[in-house]
Amino acid sequence: MARLVIAAATSGSGKTTVATAVAAAMRRRGLRVQPFKVGPDYIDPSYHARAAGAPSRNLDSWLLEPPALLELFARAAAPADVAVVEGVMGLYDGRADTEEGSTAQVAKLLDAPVVLVLDVGKVSRTAAALALGCQRYDPDVRIAGVVLNRVGSERHHAWTASSIERATGLPVLGYLPKRSDLTLPERHLGLVPVAEGRVGDDFFERLVDQVERTVDLDALLRLARSAPPLTARPTGLFPAEPVAPRTRLAVARDEAFTFYYEDNLDLLRAWGAELAPFSPLRDDRLPPGVGGVYIGGGFPELFGRELSANRSMLASLREAARDGLPLYAECGGLMLLSEGIVDFDGNRHQLAGIVPGWSTLDRPRLHVGYRTAVARRSSFLLDAGERLRGHEFHWSRVTAVPAETAAYAIDGEEGRVEGFVRGNVLASYLHVHFGSDARMAPRFVEACAKAARSARSGATLPSHRDGGAGPTVSTGEAARPET
């Protein structure tokens, strides 16, 4: 199982550019490439997927227990010729002052060689000190080579490479030059997702052409193939035998909603869900015959006017909530189900009205980080009192959600509650990896299958496992605010 981790000394060093370029270049050679991203990021994987022609998957050693992480890695990587794993932040940066969730921890779990990307745009010989420090900090991390980014000239490359090689004994395997046309577009939460169409095929072609000229791809492949055998065992995340499709699950997929862990979708399929994609921006209604709805994160704040104008889709979501279909929404999905969005310019865009309160983008502060949460009430995912691990990353906040309907209490933040649960609606800012708890995916599918059976029989569907009342939803006929 050939595998390679592409890490960096700091964030912003060019990991995503290099990992994307290497994946695309290997694909151009005819290799089957399976990309991965360390950590909870959704946007970088969209570049990997475009480059490799295969969905990128997240390897998060804080959200996932090591056996689950290894199982998910092995399942995805087994059919590929090579796995390219992009790190997160700096090589050793983890949760708080620990290595939990760090690139280094994942590299050790995978027993994979690490290629260190160094941004040398404003240094030369000092890069050797950075490489040497990363090399010696943890001898169990096998740094096997270096790639330089933002190189100013051939002379700059020669001086920097020779300094690194003398100090560390590591080979410098190539470089990317300082070129504005190889820079990925960014905005308020990082890179712009590929689905928005800002990055065209010509960018990827330029990137691969450059890598083929200035990076030793043969050496990278030799390093990847030097990784020793990897042992991964079933952990109970997937059914022991194949499960036939039991229900259809509507999944929001368009420019506004792109944030999904690919393993979540795999797990839902494995337990019997047929995934039916739909666009909250363009489709009139939810797909026919679905037993539930999954709305991931994204950037609905950039599409408030268009989402608000699609009144038939908003009505379809309200109808699904009234009928008792499980609605699961994360972050951007929570915003769609709220009364509406107040965007960066103060414009108000009325939305589904299933979750009380408005989503505002007044930027009081960025909410980011890992969270441990305790379910305050039972839902189709969790029983009251059960714990989960999740991740937050958002500028917005939802105002005026009643505390008695909050989904979770957040550990370590006394008095803080989060999210919304009522009936079969569960919405939260927390991004959750279903691989963190083997019960969640089958519970979600079972709830959808039960809802679909009830709809076919005309029976009244219980709201959820603790019998709570269904959600109160607006009719959408109230006076609409100016937008």
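The paragraphs below set out a description of the structure included in this document. (Residues numbered from 1 in each chain as written. Predicted model: local features only at pLDDT ≥ 70, side-chain atom pairs only at ≥ 80, totals over all residues. Heavy atoms only, no water.)

Of all 10 residues in helix α2 (residues 43-52), 7 are buried, a share of seventy percent or more. Phi turns positive one or two residues past the end of α2, at Gly53, with a value near 70°. (Buried < 20%, exposed > 50% of the residue type's maximum accessible area, 1.4 Å probe, protein only. Helix = DSSP H or I, 4+ residues; strand = E, 2+ residues; numbered from the N terminus.)

Glancing now at the sheet that holds strand β3 (residues 57-59). Read from one edge of the open sheet, 7 strands run β3-β2-β4-β1-β5-β6-β7, paired in parallel fashion. Among the strands making up the open sheet, the edge pair consists of β3 and β7 (172-177). On average, adjacent strands in this sheet sit at an angle of 25° to one another, irrespective of strand direction. Judged from the 5 bridges that link them, strand β2 (residues 33-38) and strand β4 (residues 82-86) form a sheet pairing that is parallel. For Val33, the partnering residue across the bridge sits in β4 and is Val82. Sitting on the sheet, α2 touches β2, β3 and β4, and the angle it makes with β2 is about 170°. (Pairing = 2+ DSSP bridges. Axes fitted to C-alpha atoms, helices over the stretch in contact; angles between N-to-C directions. Contact = heavy atoms within 4.5 Å.)

Now for helix α9 (residues 262-270). α9 sits mainly inside the fold: 7 of its 9 residues count as buried. Within α9, the full set of buried residues consists of Glu262, Asp263, Asn264, Leu265, Leu267, Leu268 and Ala270.

Further remarks concern the pairing of strand β10 (residues 247-252). With 5 of its 6 residues buried, β10 lies for the most part within the structure. Across 6 bridges, β10 lies against strand β12 (residues 273-278) in parallel orientation. Directly across from Ala252, in β12, lies its bridge partner Phe278.

On to the pairing of strand β16 (residues 338-342). Within β16, 4 of the 5 residues are buried, which leaves it mostly tucked inside the rest of the structure. Examined bridge by bridge, β16 and strand β18 (residues 355-360) share 4 bridges and lie parallel to one another. Residue pairing for β18: Val342 is matched across the bridge by Thr360. The pairing of β16 with strand β17 (residues 348-350) spans 3 bridges and is classified as antiparallel.

Overall, the coordinates contain 16 aromatic pairs when judged by the stated rule. Arranged with centres 4.7 Å apart and planes meeting at 50°, the rings of Tyr92 and Tyr137 form a pair that is tilted. Linking Tyr92 in the loop between β4 and α4 (103-110) with Tyr137 in helix α5 (residues 126-137), this pair joins segments that are 45 residues apart in sequence. Residue class for Tyr137 comes out exposed when judged on its relative accessible area of 63%. Between Tyr328 and Phe380, the aromatic rings sit 6.5 Å apart at their centres with planes inclined by 85°, giving edge-to-face as the arrangement. Of this pair, Tyr328 sits in strand β15 (residues 327-330) while Phe380 sits in the loop between β19 (367-375) and β20 (387-394), placing them 52 residues apart in sequence. (Phe/Tyr/Trp six-rings, centres within 6.5 Å; stacked < 30°, edge-to-face > 60°.)

Time to look at the packing of α5 against helix α6 (residues 154-168). Packing of α5 against α6 brings their axes to within 8 Å, and their N-to-C directions diverge by 35°. The two elements α5 and α6 meet at a crossing, and its hand is right-handed. Between α5, through Ala127, Ala128, Ala131, Leu132 and Gln135, and α6, the contact on the second element is made entirely by Thr160, Ser163, Ile164, Ala167 and Thr168. (Left-handed = near helix turned anticlockwise from the far one by under 90°.)

This next bit is on unusual backbone geometry. Phi is positive for Ala96, which is not a glycine, with a value near 55°. Following the sequence through the fold, Ala96 ends up in the loop between β4 and α4. Phi is positive for Asp111, which is not a glycine, with a value near 50°. For Asp111, the position within the fold is in the loop between α4 and β5 (114-119).

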